[in-house]
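Structural overview
Given next are the chains, with one letter for each unit.
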Amino acid sequence: MKIAIVCYPTFGGSGVVATELGLELARKGHEIHFITYSQPVRLALLNTNVHYHEVNVPEYPLFHYQPYELALSSKLVDMVKLYGIELLHVHYAIPHAYAGYMAKKMLEDEGIKIPMVTTLHGTDITLVGNHPFYKPAVSFSINKSDMVTSVSQSLKDDTYKLFNIKKEITVIPNFIDLDKNKVEIMNSCQRSVMALPNERIITHISNFRKVKRIPDIIKIFNKIQKKIPAKLMMVGDGPEKAKAELLCEKLGLTDKVIFFGNSNEIDKILCYSDLFLLPSETESFGLAALEAMACSVPVISSNSGGLPEVNIEGFSGYLSDVGDIDDMAQNAIKILSDDAILSEFKLNARKVAKEFDILNILPQYEALYEKALNSM
Ligand code: GMT
């Protein structure tokens, strides 16, 4: 199949999922065209099956806001015609499904029919999309998609609850490539550079937005390190980072907390981590938790959104109510204070991650694409 993938190219989980999906489809022989405003961060090498087309929005003083959706829909039309693309897979209802629908209509005018699959990732439903300014556009874009998927059952339920959706939504969970560089990374694991042998290493990875409850992470760590020698690795960048650095200073934690900024090599940090913290306000899936579990790192998380579908209570980690930092710290200490318990949780985390192996999930997307093509 010739498939166009439209996504946010940044460090967020949706961009990672879209990129890894495209790369795996390309390995299976499909021709993949990434269409976005900059090259997706996890898209390293292009080849005959992997193409990247940049959407440029010409600056013009008349436009107070530059019209990205307009440029994207025109680019989609051009690329579909030039490469004979058969299907659009857009990640996020707004603005991607919105622009995709316009492209479909323009192509229809020229006698070209092309199906559009929309994957919902969360922010377009639970955070931004639910805002009255966007709600009609989100409902419209979902209802006009040929096929709709969501990354968790929780997100599917929320979508039906919050919007007037007439389309069937298929749950296809996020996935992980379990074998990627595993041996090489484990062999070059630099634990001794990061912490003393008796210290546990705790990690958090995100875009440091408010929804991630960054101060909770610092406060949980503060409680843990009073009982167990530990270091905290904070990976990523975003609006809450400066505040987090100040909080660490206030609590006297600066020599125990390392802020890495954005990283393309999170596997190398996760390989020496003992515990992952994700106390988010809401999380449609929690891809970062799955990435940690794939590296045998147990997870202490909130129980919001799709997290209970990924992190299994008392097995791969523990889940607490949003904001319950005492419970999260206690659970972390329970896992970290005993070598045997920690080893068991590490094994379990990897076991759960195996259920989300890309090899199990990819055929579900392929089957959906076939169905979408046959429906035209
Ligand atoms: O979590 C973020 O802030 C980034 C956002 C994104 O669009 O990349 O993540 C959303 O999509 C991910 C991939 O499907 C999910 O794993 C995240 O849970 C979801 N974030 C939220 O629901 C807040």
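Residues numbered from 1 in each chain as written. Predicted model: local features only at pLDDT ≥ 70, side-chain atom pairs only at ≥ 80, totals over all residues.

**A word on the overall build of the chain**
Tallying secondary structure elements over the chain gives 16 helices and 13 strands in all. Expected size for 376 residues packed as a compact globule is a radius of gyration near 21 Å; at 21 Å, the chain falls within 12% of this value. Expressed along its principal axes, the backbone C-alpha trace of the chain runs to roughly 70 × 40 × 35 Å. Every one of the 376 residues in the chain was classed for burial, and the buried ones make up 48%. When contacts within the chain are restricted to residue pairs at least 6 apart in sequence, those whose partners lie at least 24 apart make up 69%. (Helix = DSSP H or I, 4+ residues; strand = E, 2+ residues; numbered from the N terminus. Rg over C-alpha atoms; globule rule 2.2 N^0.38 Å. Buried ≥ 20, exposed ≤ 12 C-beta atoms within 10 Å, placed from the backbone. Contact = placed C-beta atoms within 7 Å.)

**Considerations on the domain arrangement of the chain**
Often, the extent of an interface is quoted as the loss of accessible area upon association of its parts. One can read the domain layout of the chain as domain 1 (2-175 + 358-374) and domain 2 (182-354). Broken down by secondary-structure element, the contributors of at least two residues to the side of domain 1 that touches domain 2 are α1 (13-27), α4 (123-127) and α6 (153-162). (Domains from an automatic or database assignment.)

**A few points about unusual backbone geometry**
Residue proline 95 is reached from isoleucine 94 by a cis peptide bond, and omega for that bond is -5°. Position of proline 95 among the secondary structure elements: in helix α3 (residues 93-109). Backbone geometry at arginine 213 places phi at a positive 50°, although glycine is not the residue there. Tracing the backbone through its elements, the reader meets arginine 213 in the loop between β8 (200-205) and α9 (214-227). Judged by local crowding, arginine 213 falls into the buried class, with 24 C-beta atoms found within 10 Å. A positive phi angle, close to 65°, is found at serine 296, a residue other than glycine. Position of serine 296 relative to the elements: it lies in the loop between α12 (287-294) and β12 (299-302).

**So, the UniProt feature "domain: Glycosyl transferase family" (unreviewed entry) in the chain**
Mapped onto this structure's residue numbering, the UniProt feature "domain: Glycosyl transferase family" (unreviewed entry) falls at residues 198-351. Between the end C-alpha atoms of residues 198-351 the distance is 26 Å, and the span holds 43% helix and 19% strand. (UniProt positions renumbered as here; feature names shortened; annotations may be inferred.)

**Side note on the site of the ligand**
Around the ligand, 20 residues are found, and the nearest of them are Gly12, Gly13, Ser14, Gly122 and Leu287. Among the elements of the structure, α1 and α4 are those that each provide at least two residues to the shell around the ligand. For the shell around the ligand, the leading source of residues is α1, giving 4 residues. Tallied by class, the residues present in the shell around the ligand amount to 5 nonpolar, 13 polar and 2 charged. Summarising the domain contributions, the shell around the ligand has at least three residues from each of domain 1 (2-175 + 358-374) and domain 2 (182-354). (Near = placed C-beta within 6 Å. Nonpolar A, V, L, I, M, F, W, Y, C, P; charged D, E, K, R; others polar.)

**So, the packing of helix α2 (residues 68-83) against α3**
Close contact between α2 and α3 brings their axes to 8 Å; oriented N to C, the two are set at 45°. As judged from the angle between their axes, α2 and α3 are oblique. Note on packing geometry: the crossing formed by α2 with α3 is right-handed. Contacts between α2 and α3 involve Tyr68, Glu69, Leu72, Ser73, Leu76, Val77 and Val80 from the former and Pro95, Tyr98, Ala99, Gly100, Met102, Ala103, Met106 and Leu107 from the latter. Of the residues contributing to the contact of α2 with α3, the split by class is 12 nonpolar, 2 polar and 1 charged. (Axes fitted to C-alpha atoms, helices over the stretch in contact; angles between N-to-C directions. Parallel < 35°, antiparallel > 145°, perpendicular 65-115°, else oblique. Left-handed = near helix turned anticlockwise from the far one by under 90°.)

**Section: the packing of α9 against helix α14 (residues 325-336)**
In the contact formed by α9 and α14, the axes pass within 9 Å of each other and the chain directions differ by 45°. Taken together, the axes of α9 and α14 lie oblique to each other. Along this stretch, α9 crosses α14, giving a crossing that reads as right-handed. On α14, the residues that touch Asp216, Lys219, Ile220, Lys223, Ile224 and Lys227 of α9 are Ile325, Met328, Ala329, Ala332, Ile333 and Leu336.

**What about the pairing of strand β11 (residues 275-278)?**
When a strand is regular, its side chains alternate between the sheet's two faces. A two-sided burial pattern is seen for β11, the buried positions comprising Leu275 and Leu277 on one face and Phe276 and Leu278 on the other. With 2 bridges connecting them, β8 and β11 associate as parallel partners. Its bridge partner being in β11, threonine 203 is matched across the sheet by phenylalanine 276. Inspection of the sheet shows β11 paired to β12 by 3 bridges, in the parallel sense. (Pairing = 2+ DSSP bridges.)

**Brief notes about the sheet that holds β11**
Strand order in the open sheet formed by 6 strands is β10-β9-β8-β11-β12-β13, and the pairing between neighbours is parallel. In this open sheet, the two strands that pair with only one neighbour each are β10 (257-261) and β13 (317-320). The mean inter-strand angle of the sheet, taken between neighbouring strand axes irrespective of direction, is 20°. The pairing of strand β9 (residues 230-235) with β10 spans 4 bridges and is parallel. By the bridge assignment for β10, valine 235 is matched with glycine 261.

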